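Listed below are the residues making up each chain.
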Amino acid sequence: DGSDKILLGYKGTETNLTLPSCITKIHDNAFYNCISLTSVTICNSVTSIGADAFYFCNNLASVEFINTEGWSRYSSSTETSGTAINSSDLEDNAKAATLLKSTYYNYYWKRG
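Basis of the calculations
Residues numbered from 1 in each chain as written. Predicted model: local features only at pLDDT ≥ 70, side-chain atom pairs only at ≥ 80, totals over all residues. Heavy atoms only, no water. Buried < 20%, exposed > 50% of the residue type's maximum accessible area, 1.4 Å probe, protein only. Helix = DSSP H or I, 4+ residues; strand = E, 2+ residues; numbered from the N terminus. Arc of directions from axis to C-beta. Contact = heavy atoms within 4.5 Å. Polar contact = N/O pair within 3.5 Å; in protein donor to acceptor, adjacent residues only side chain to side chain. Pairing = 2+ DSSP bridges. Axes fitted to C-alpha atoms, helices over the stretch in contact; angles between N-to-C directions.

### Describing helix α2 (residues 93-101)
Taken as a whole, α2 has its buried residues at A96, A97 and L100. One side of α2 holds all its buried residues, which, seen down the axis, span an arc of 100 degrees. Where α2 is buried, its residues meet β4 (39-42), β5 (48-49), β6 (62-65), α1 (87-91) and β9 (107-111). Where α2 begins, the capping side chain belongs to D92, and its oxygen is found 3.1 Å from the backbone nitrogen of A94.

Here it is, written out as structure tokens:
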């Protein structure tokens, strides 16, 4: 319908990736086991990151959030209550990478 542009999966070999500004959602497991990925820039248009989206991206060392405000982590089983993620943690690209890689199983992120 044109409202959401969802990145379903990435199987490329880029080491440094900037997501296109049209992407609004990153699907569950979208980057799962992308071992070549070392850095990613998440554009302002992204409002949700699916469960385990960056799981097993062992070489991911830097994640730049263009917009660090308003992110929360939710359990897939309890969508109504989320845990806020400190924007200062997301301003540190190395810490943001660690948070995304180590997201607990079945947790996803939303902004807004």
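### Quick notes on the sheet that holds strand β2 (residues 16-18)
What the 3 strands build is an open sheet, ordered β2-β4-β6; its pairing is parallel. A strand with exactly one partner marks an edge of an open sheet, and here the two such strands are β2 and β6. The sheet shows a mean angle of 10 degrees between the axes of neighbouring strands, direction not considered. Taken together, the 4 bridges between β4 and β6 define a ladder with parallel strand orientation. Looking at the pairing, T41 lines up with E64 of β6. Along the sheet, α2 contacts β4 and β6; its crossing angle with β6, the most-contacted strand, is approximately 100 degrees.

Limitation: the analysis is restricted to geometry and does not speak to function.
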